[in-house]
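# Structure assessment
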Amino acid sequence: MTSKVAINRLATKVPGLDEILGGGLPEFSFNLIAGQPGCGKTTLAHQIMFALATPERPAIYFTVLGEPPLKMLRYQQQFEFFDTEAINTSIRFINLSDDAVVGDLDRVLKRIVDEVTRHSPALVFVDSFRSVVLASETDGNPHNSLQQFVQQLGMVMTSWQATTFLIGEYFTETDANPVFTVSDGLIWLRQSVQRNSMVRKMEIMKMRGQPTLPGLHTFRITDAGVEVFPPASVANSPPAHPNATPLARRLSMGVPGLDEMLGGGLPCGYSLLVAGPSGSGKSILAAAFLAEGVRAGETGVIAAFEQSPSRSRSRVVADLIASGKVGLVENRADLSIDEVGYMLMQNIRRLGATRVVIDSLSGFELALAPTFREDFRESLSNLVITLAGAGGTVLMTSELEDRYTDLRFSPYGTAFMTDAIIVQRYIEIDSRLRRVMAVVKVRASAHSDQLRAYSIDGDGIHIGEMLAHQEGLLGGRPTTKLAAAGPGKRS
Amino acid sequence: MPSPESDGIATFLKRTVRDGASSLQIAEAVSVALQGIDEALTPIIGKRGVAALHQRTVHLARGSGSWLILTKEGVPTAMDFEALKSALAQQEAIDAADQGALILQTFHALLTTLVGPSLTERLLRPAWATLLSGPSAQDTTS
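Procedures and definitions
Residues numbered from 1 in each chain as written. Chains lettered and ligands numbered in written order. Predicted model: local features only at pLDDT ≥ 70, side-chain atom pairs only at ≥ 80, totals over all residues. Helix = DSSP H or I, 4+ residues; strand = E, 2+ residues; numbered from the N terminus. Buried ≥ 20, exposed ≤ 12 C-beta atoms within 10 Å, placed from the backbone. Contact = placed C-beta atoms within 7 Å. Pairing = 2+ DSSP bridges. Axes fitted to C-alpha atoms, helices over the stretch in contact; angles between N-to-C directions. Expected span 1.5 Å × (residues − 1). Arc of directions from axis to C-beta. Parallel < 35°, antiparallel > 145°, perpendicular 65-115°, else oblique. Nonpolar A, V, L, I, M, F, W, Y, C, P; charged D, E, K, R; others polar. Core = buried A, V, L, I, M, F, W, Y, C linked by C-beta atoms within 7 Å. Right-handed = clockwise from strand over helix to strand, strands pointing away.

### Topic: the overall build of chain A
Along the backbone of chain A there are 17 helices and 24 strands. Considering chain A as a whole, with its 491 residues, one finds that 47% of them fall into the buried category. Put simply, of all contacts in chain A between residues at least 6 apart along the chain, 72% involve residues at least 24 apart.

### Side note on the interface of chain A and chain B
With 14 residues of chain A in contact, the opposing surface of chain B contributes 14 residues. Of all elements in the fold, only helix H3 (69-76), strand E5 (91-95) and helix H4 (97-100) of chain A reach the threshold of two or more residues within the side of chain A that touches chain B. Looking at the side of chain A that touches chain B, the element that brings in the most residues is H3 of chain A, giving 4 residues.

### Let's talk about the sheet that holds E5 of chain A
Whenever strands of a sheet pair, they do so through backbone hydrogen bonds, lying parallel or antiparallel. Residue and element names in this part refer to chain A. If you walk across this open sheet you meet the 9 strands as E5-E4-E6-E7-E3-E8-E9-E10-E11, and the pairing is mixed. In this open sheet, the two strands that pair with only one neighbour each are E5 and strand E11 (225-229). On average, each strand axis in the sheet is inclined to that of its neighbour by 25 degrees, with strand direction left out of account. Judged from the 3 bridges that link them, strand E9 (residues 197-207) and strand E10 (residues 217-222) form a sheet pairing that is antiparallel. Each bridged residue has a counterpart across the sheet, and for Met-202 the counterpart in E10 is His-217. Strands strand E4 (59-63), E5 and strand E6 (123-127) of the sheet are contacted by helix H5 (residues 105-119), whose axis makes an angle of about 160 degrees with E4.

### Thoughts on the pairing of strand E21 (residues 452-457) of chain A
Residue and element names in this part refer to chain A. Strand direction decides the pairing type here: strand E20 (residues 432-442) and E21, joined by 3 bridges, are antiparallel. Looking at the pairing, Met-437 lines up with Arg-452 of E21. Pairing of E21 with strand E22 (residues 460-466) involves 5 bridges; the strand directions are antiparallel. Considered in E22, the bridge of Ser-455 is made with His-462.

### Digging into unusual backbone geometry
Residue and element names in this part refer to chain A. Cis rather than trans, the peptide bond between Asp-359 and Ser-360 has omega equal to 0 degrees. Positionally, Ser-360 belongs in the loop between strand E17 (355-359) and helix H15 (361-367). Backbone geometry places Asn-88, a non-glycine residue, at a positive phi of 70 degrees. The topology assignment puts Asn-88 in the loop between H3 and E5.

### Concerning helix H7 (residues 146-159) of chain A
Residues and elements named next belong to chain A. Spanning 14 residues, H7 covers 20 Å between terminal C-alpha atoms, matching the ideal 20 Å at 1.5 Å per step. Listing the buried residues of H7 in full gives Phe-149, Val-150, Leu-153 and Met-157. Taken around the axis of H7, the buried residues stretch over an arc of 95 degrees, which confines them to a single face. Away from its buried face by more than 90 degrees, H7 exposes Met-155 and Ser-159. Lining the buried residues of H7 we find strand E3 (30-35), H5, E6, strand E7 (163-169) and helix H8 (178-182). One or two positions beyond H7, positive phi appears at Gln-161, with a value near 55 degrees.

### As for the packing of helix H14 (residues 337-351) of chain A against helix H17 (residues 376-389) of chain A
All names here are of chain A. Following both chains from N to C, one finds H14 and H17 inclined at 10 degrees, their axes separated by 10 Å at the closest point. As judged from the angle between their axes, H14 and H17 are roughly parallel. For the pair H14 and H17, the contacting residues are Ile-337, Gly-341 and Leu-344 in the first and Ser-379, Leu-380, Leu-383, Thr-386 and Leu-387 in the second. Split into classes, the residues belonging to the contact of H14 with H17 amount to 5 nonpolar, 3 polar and no charged.

### Side note on the nonpolar core
Met-49, Phe-125, Leu-290 and Leu-344 of chain A together with Ile-26 of chain B are the most contacted members of the largest nonpolar core, which has 175 residues in total. The contacts of Leu-344 of chain A, once residues within four sequence positions are left out, are Ala-232, Val-301, Ala-303, Val-329, Val-356 and Leu-387 of chain A.

### Re the sheet that holds E17 of chain A
All names here are of chain A. A sheet is described by the order of its strands in space; here 9 strands give the open sequence E16-E15-E17-E18-E14-E19-E20-E21-E22, paired in mixed fashion. Only two strands of the sheet have a single neighbouring strand rather than two, namely strand E16 (326-329) and E22. When strand polarity is set aside, the average angle formed by the axes of neighbouring strands in this sheet is 25 degrees. Where strand E15 (residues 300-304) lies against E16, 4 bridges are found, and the strand directions are parallel. Directly across from Ile-302, in E16, lies its bridge partner Leu-328. Where H14 meets the sheet, it contacts E15, E16 and E17, and its direction lies at approximately 165 degrees from that of E16.

### A closer look at the environment of Ser-233 of chain A
All names here are of chain A. Topologically, Ser-233 is positioned in helix H9 (residues 232-235). Separated by 150 residues in the primary sequence, Ser-233 and Leu-383 place their C-alpha atoms 7.1 Å from one another. Ignoring any residue separated from it by four or fewer positions in sequence, one finds Ser-233 in contact with Asn-382 and Thr-386.

### Focus on the pairing of E4 of chain A
Residues and elements named next belong to chain A. When you tally the buried positions in E4, you get 5 out of 5 residues, the bulk of the element. Side-chain alternation along E4 places Ala-59, Tyr-61 and Thr-63 on one buried face and Ile-60 and Phe-62 on a second face that is also buried. Bridge count between E4 and E5: 5 bridges; the pairing is parallel. Bridge assignment links Ala-59 to a residue of E5, and that residue is Ile-91. Regarding the hand of the β-α-β motif, the stretch spanning E4, H3 and E5 is right-handed.

### Section: H5 of chain A
Residues and elements named next belong to chain A. Helix length check: H5, at 15 residues, gives a terminal C-alpha distance of 21 Å against a target of 21 Å (1.5 Å per residue), a fit within 8%. Where H5 is concerned, the buried positions are Leu-105, Val-108, Leu-109, Ile-112 and Val-116. Angular distribution of buried residues about the axis of H5 spans 95 degrees; they occupy a single face of the element. H5 presents Asp-114, Thr-117 and Arg-118 as exposed residues on the side facing more than 90 degrees away from its buried surface. Positive phi shows up at Ser-120, right after H5, with a value of about 45 degrees.

Rendered as structure tokens:
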């Protein structure tokens, strides 16, 4: 048995928050939730409070001079986490405006201490703490200074074994503010606006004794409340999946002939890039990949970024989603890669999914908020590694403009990060637009080097023969080989 | 917006009239109910918050009759129980019961429009309980 104190970590139940906090919120900690107006501070505080408060572990929510309490209650109850039955049992709202309005911090502190003594809350919230500060500054108040106030408040709350949250409107984190020094935890919320796009970001600037996740993490506020999206690599860190062993097992692609071209199927845990021009059948190939998995008793997940999902989603994919065997990550406004990764991982966990499709990278990039497009390549690489680490075999489609003088596989330079590549091209033969497909790469595995013609009908993709009599296929306008050409044949 | 609680108040007040309560007793009962509301809401929304709701309640209730006058102009700082009590006490007992019930029902309806029926019921439950479980208005004179 150790004689060191064990710090209990409270699970906030705010999706993703405990991960970036480094395992939850330290009990009895003194925290500041800060940010500009409208960034979600009060919502986050309420969500944490409703999750943690119980009759045995009650909460007091002090309102000061900020948002009128009636309005706050009116809006906060729109969230799913708001439980009316908890009011006046496990959660008590107390208004301090009459004490704060005179700007006497001693009086505010006394009132807080009185109420805390009276109700012995395990959780204390002061909203908005900034208004306490402003009220004390209004008329050169001779009473308690802010520093003393904060220090005393922190001391009292810790002594009363209360986990405390001050909610405050602060505009710059570089302010020399005593609150920042005294607090054990500093959760900073931001809104990043670029053109018409707005992205919410959260940073744990400080959390004493916790291995927090550094950096800015995107979050979203929906009817369910705040949902934070830690990087998929950290948030989900699943144990090494058996599928992660390369070449241990190969997955069938669901397109007759393609498995042979890949050297016996796609190795489990590999990422495959299917690149081709518009209409070449990339999404059909992706759908076949998912359907084949379901047929073999596996489950999958698809991140679909079509412009109009209801119209353009294939019947095969729609049926798979309806069957519950394939999860769907849908397009949303102002996405971050972390958010997509988080949702993919949620589906992988929920369904035990082993096949992951991202259709397409072009749509994915367009769906991202502009602020994230800069890091697209790097973030995508991390995402693919994480998905593979979780046992997912990943198929990504990529729109590739046919450039017959330039053999490329991806407009994003993503080719290097994938384990396998299939490229599809249009070619012209006898005044017809034909399609050819080739396996360009399967890491650490033999594979076909053939350029195979293929067709698409209602049953999917049908791979045909090599166009052995043609040459210059990749140039788009092949010619019949001279040696093989008979009399009268086109040359 | 009628509710079981506010209807219960109206029934209670009418019953006390039938039992022979005077308008003053009715006024006192309504005042007790309002004080219960004040006690229930002041910790949560502050004295000024409750006073503002009361002022609006009186304004809305006046729409159906000119018996009640707003005693103070401007932003109220506390609920004015005395003005209301005095206005009700000057009515006939049955009118005082109707008008007192109207005030309480209006307050309930106003809060309901702001924070919804569920939370209103939750917040005002102690106030109604105090009134309905306490001694009847008739007993208060003894």
